[in-house]
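# Structural characterization, general
Chain residues, written in single-letter form:
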Amino acid sequence: NAGVMQNPRHLVRRRGQEARLRCSPMKGHSHVYWYRQLPEEGLKFMVYLQKENIIDESGMPKERFSAEFPKEGPSILRIQQVVRGDSAAYFCASSPRTSGNQETQYFGPGTRLLVL
Amino acid sequence: GQNIDQPTEMTATEGAIVQINCTYQTSGFNGLFWYQQHAGEAPTFLSYNVLDGLEEKGRFSSFLSRSKGYSYLLLKELQMKDSASYLCAVSDYQLIWGAGTKLIIKP
C-alpha cells in the first residue's frame, strides 16, 4: 500500500512564475490537507479538501494561492506569481476520516520550493 | 483562542529518559497526537490519546490529562536516532499544531 506521494520533491522557480505542487493521498483516503513549513518552524495549516470540495481554507493566503482535489487525479496546490517568501517545504497529508472525529493524518515527503 | 505550548528545545543523554510536555487550550477536543519529524523529512505518526492515561508503545509512551489540558511524550533508552523534533497536535475538528520541540541527544 503506497503512502502519500508528492511531486516534485524539489521545485525551483523565479519570482513571478507559477508553482504547481501535486499530492496523491494514500489508497482509500479521501481527505487531503496541505501544510507549509518554514525552516526551523512548525507546521502551518493551509487547506483541507475532500474530493471536489474545499472544506476549510482558513490557512490559505487570500491571494495567489489556490487548491483543488478533483474527482480524478491528485490534489494540486497552486501558487501564482511566486515571491521569495513562498520558499518553504509544503507537506501534504491524507486521512480516511470515515467518522466525524479526527483521524490520523499520514504525511507525504513534501515539496521543497525555492524561489530565486 | 486555540493554543498549543511545548518547549522549543531539550537536550538529553544517550541511554537516558526524557519527557516532552505539551499543554493546550482549545475550544473542542477529539484527541491529541504526537508526531516525530527528523530534519528535512516529513512528520511521522507516533501516538494518539483520546482518553486520560498512559499509552505505551515500546520505548515511547504518551500521557494525557484532559482536565488539565496536558500531555507528555516519554522517551526511554534514548538513542542517537531519536534526535528530531517532536510535534504535539490537538484535534478540534481540525488538527492544531504546536511549534514542536527539538530534541538533541548527546553521547
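Along each chain, residues carry numbers from 1 onward, in the same order as the chain's sequence is written. Throughout, the order in which chains and ligands are written sets their labels, letters from A for the former and numbers from 1 for the latter. Reporting in this predicted model follows two pLDDT cut-offs: at least 70 for local features of residues, and 80 or more for side-chain atom pairs to be given and counted; totals over whole chains, interfaces and linings ignore these cut-offs and use all residues. Side-chain metrics in this entry use all non-hydrogen atoms of the structure; hydrogen atoms and water are not considered.

### Concerning the interface of chain B and chain A
Definition in use: For this analysis, residues touch if any pair of their heavy atoms sits within 4.5 Å. Accessible-area loss on putting two parts together, using a 1.4 Å probe and summing over both, is the definition of buried area adopted here. Salt bridges, as used here, are contacts in which a Lys or Arg side-chain nitrogen is within 4 Å of a carboxyl oxygen on Asp or Glu. Under this definition, polar contacts are N or O atom pairs within 3.5 Å; protein pairs additionally need one hydrogen-donor-capable and one acceptor-capable atom, and for neighbouring residues in sequence, both atoms have to be side-chain atoms. Helix numbering and strand numbering both begin at the N terminus, where a helix is a DSSP run of H or I of at least 4 residues and a strand a DSSP run of E of at least 2.
At the junction of the two partners, chain B supplies 18 residues and chain A supplies 22 residues. Between chain B and chain A the total buried area reaches about 1,500 Å² when both faces are included, carbon and sulfur atoms providing 51% of it. Its largest share of buried area at the contact with chain A, chain B owes to B:Tyr93, B:Gln94 and B:Trp97, together 33% of the area lost on that side. The tally of links between chain B and chain A comes to zero salt bridges. Here chain B and chain A share four residue pairs in polar contact (both at pLDDT 80 or more) between them. Secondary structure elements with two or more residues in the side of chain B that touches chain A: strand 4 (32-37), strand 5 (44-49), strand 9 (84-92) and strand 10 (94-97) of chain B.

### Focus: the sheet that holds strand 3 (residues 19-24) of chain A
Residue and element names in this part refer to chain A. Convention followed: Two strands are counted as paired when DSSP detects at least two bridges linking them. All axes are obtained by fitting lines to C-alpha atoms, using only the stretch in contact for helices, and the reported angles, taken between N-to-C directions, cover 0 to 180 degrees.
Pairing is antiparallel across the open sheet formed by four strands, whose spatial order is 1-3-8-7. In this open sheet, the two edge strands, each paired with only one partner strand, are strand 1 (5-7) and strand 7 (65-68). The mean angle between the axes of side-by-side strands here comes to 15°, regardless of whether they run parallel or antiparallel. Pairing geometry for strand 3 and strand 8 (residues 75-79), over five bridges, is antiparallel. Residue pairing across strands places Cys 23 opposite Ser 75, the latter belonging to strand 8.

### A short note on unusual backbone geometry
Residues and elements named next belong to chain A. Put simply, the rule reads: Exposure is judged per residue with a 1.4 Å probe applied to protein chains only, and the accessible area is read against the type maximum: over 50% gives exposed, under 20% gives buried, and values in between give partly exposed.
Note the cis peptide between Asn 7 and Pro 8, where omega equals -5°. A positive phi angle is found at Gln 81, which is not glycine, with a value near 50°. Within the fold, Gln 81 resides in the loop between strand 8 and strand 9 (88-95). Under the relative-accessibility criterion, Gln 81 is labelled exposed at 53%.

### A word on the confidence of the model for chain B
Quick reminder of the rule: Across the chain, each position has a pLDDT score giving the predictor's confidence in that residue, from 0 to 100.
On average, residues of chain B score 94 in pLDDT, and 100% of them are at 70 or above. Strand 10 of chain B is the least confidently modelled element of chain B, averaging 85 in pLDDT, while strand 8 (residues 70-75) of chain B averages 98, the highest of any element.

### Description of the sheet that holds strand 6 (residues 53-57) of chain B
Residue and element names in this part refer to chain B. Strand order in the open sheet made by the five strands is 1-3-8-7-6, with antiparallel pairing throughout. Strands with a single pairing partner mark the edges of an open sheet, and in this sheet they are strand 1 (3-5) and strand 6. Taking the axes of each pair of neighbouring strands and ignoring which way they run, one obtains an average angle of 15° across the sheet. Summarising the sheet, strand 3 (residues 18-25) and strand 8 pair through six bridges and their orientation is antiparallel. Residue pairing for strand 8: Thr 23 is matched across the bridge by Tyr 70.

### Overview of the nonpolar core
Basically, it comes down to this: We call a set of buried residues a nonpolar core when its members are Ala, Val, Leu, Ile, Met, Phe, Trp, Tyr or Cys and they connect through side-chain atoms within 4.5 Å of each other.
Residues A:Trp34, A:Met46, A:Leu77 and A:Tyr90 are the most contacted members of the largest nonpolar core, which totals 23 residues. Looking at this core, the elements that each hand over two or more residues are strand 3, strand 4 (31-37), strand 5 (43-50), strand 7, strand 8, strand 9 and strand 11 (111-115) of chain A. Each residue touching A:Tyr90, except ones within four places of it in the same chain, is listed here: A:Gln6, A:Leu21, A:Tyr35, A:Arg36, A:Met46, A:Phe65, A:Leu77, A:Ile79, A:Gly110, A:Thr111 and A:Leu113. Core analysis: the second largest hydrophobic core is formed by 21 residues, B:Ile20, B:Trp34, B:Phe60 and B:Ile105 among them.

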